[in-house]
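These are the residues of each chain, in order.
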Amino acid sequence: MQKLTNKEEEIMQILWKLKKAFVKEVLAEITEDQPHYNTLSTIIRNLEDKGFVGHTAFGNTHQYYPIVKMEEYRKRFMNTAIENYFNSSYKNLVSFFAEEEKISAEELREILAIIEQKK
């Protein structure tokens with residue numbers, strides 16, 4: 001599975017949310033740095049070439065839908081990020097967020113409770 005560009009990820013987020021959409025519907029969801037219609041259409045076709053998106057044809061127009069599930073993509077690239085940036089250590093990952101004050105003690109307790117339930 002290829003790593004997507006930031007814009008491709010943004011478009012995939014929209015398609016995961018909408019489940020299926022025409023280019024104009026995807027365009028309407030983009031709030032910042034809205035690309036031209038033809039540019040967006042090209043990006044979506046590139047996502048299709050990469051195997052992330054499929055389409056249903058309605059005459060000359062296409063309705064696109066995600067083929068790759070968000071959970072599948074997230075799992076693959078979270079694992080890669082943890083390997084590359086945290087030496088494959090979830091402890092280092094959590095410590096990073098704690099040091100950056102991006103996670104609270106309460107959230108850590110909730111994570112511990114989830115881990116304890118898995119035992």
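Every value quoted in this text rests on a predicted model; they were computed, and no experiment measured them.

(A) Spotlight on the packing of aromatic side chains. Throughout the structure, instances matching the rule amount to six aromatic pairs. Here the aromatic rings of Phe 96 and Phe 97 are separated by 5.3 Å at their centres, their planes lie at 70 degrees, and the arrangement is edge-to-face. For Phe 96, a relative accessible area of 35% gives the class partly exposed. Residue Phe 97 is classed as partly exposed on the basis of its relative accessible area, which comes to 33%. Three or more aromatic residues joined by ring pairs form one cluster here, namely Trp 16, Phe 52, Tyr 73 and Phe 77. The side chain of Lys 3 reaches across the aromatic face of Phe 77, ending 5.6 Å from its centre. The ring of Phe 77 has Arg 76 sitting right over it, with the charged end atom 5.6 Å from the ring centre.

(B) Local environment of the pairing of strand S2 (residues 53-58). Pairing between S2 and strand S3 (residues 61-66): six bridges, direction antiparallel. When the sheet's bridge partners are listed, Phe 58 is paired in S3 with Thr 61. Once S2 ends, the chain turns through two residues before running back antiparallel as S3, passing Gly 59 with a positive phi of about 65 degrees.

(C) Quick look at the pattern of salt bridges. Scanning the model with the defined rule gives five salt bridges in all. For the salt bridge of Glu 9 with Lys 3, the shortest nitrogen-to-oxygen distance reads 2.5 Å. Between Glu 8 and Lys 50 there is a salt bridge, with the nearest N and O atoms lying 2.9 Å from each other. Of the two residues, Glu 8 sits in helix H1 (residues 6-18) while Lys 50 sits in the loop between helix H3 (37-49) and S2, which places them 42 residues apart along the sequence. For Glu 8, a relative accessible area of 6% corresponds to the buried category.

(D) Structural context of helix H5 (residues 90-99). Its side-chain oxygen placed 3.3 Å from the backbone nitrogen of Lys 91, Ser 89 serves as the N-cap of H5. In the segment just after H5, Glu 101 is the residue with positive phi, at about 60 degrees.

(E) Fine view of the sheet that holds S3. With antiparallel pairing, three strands are arranged side by side in an open sheet as S1-S3-S2. The sheet terminates laterally at strand S1 (21-22) and S2, the two strands that pair on one side only. The pairing of S1 with S3 spans two bridges and is classified as antiparallel. Within the sheet, the bridge partner assigned to Phe 22 lies in S3 and is Gln 63. Running at roughly 90 degrees to S3, H1 makes contact with S1, S2 and S3 of the sheet. The strands touched by H3 are S2 and S3; relative to S2, the strand with the most contacts, the crossing angle is about 120 degrees.

Cut-off values and rules
- Residues numbered from 1 in each chain as written.
- Predicted model: local features only at pLDDT ≥ 70, side-chain atom pairs only at ≥ 80, totals over all residues.
- Heavy atoms only, no water.
- Phe/Tyr/Trp six-rings, centres within 6.5 Å; stacked < 30°, edge-to-face > 60°.
- Buried < 20%, exposed > 50% of the residue type's maximum accessible area, 1.4 Å probe, protein only.
- Lys NZ or Arg CZ within 6 Å of the ring centre and 35° of its normal.
- Pairing = 2+ DSSP bridges.
- Helix = DSSP H or I, 4+ residues; strand = E, 2+ residues; numbered from the N terminus.
- Salt bridge = Lys/Arg side-chain N within 4 Å of Asp/Glu carboxyl O.
- Polar contact = N/O pair within 3.5 Å; in protein donor to acceptor, adjacent residues only side chain to side chain.
- Contact = heavy atoms within 4.5 Å.
- Axes fitted to C-alpha atoms, helices over the stretch in contact; angles between N-to-C directions.

Don't take any of this as a statement about function, it's just geometry.
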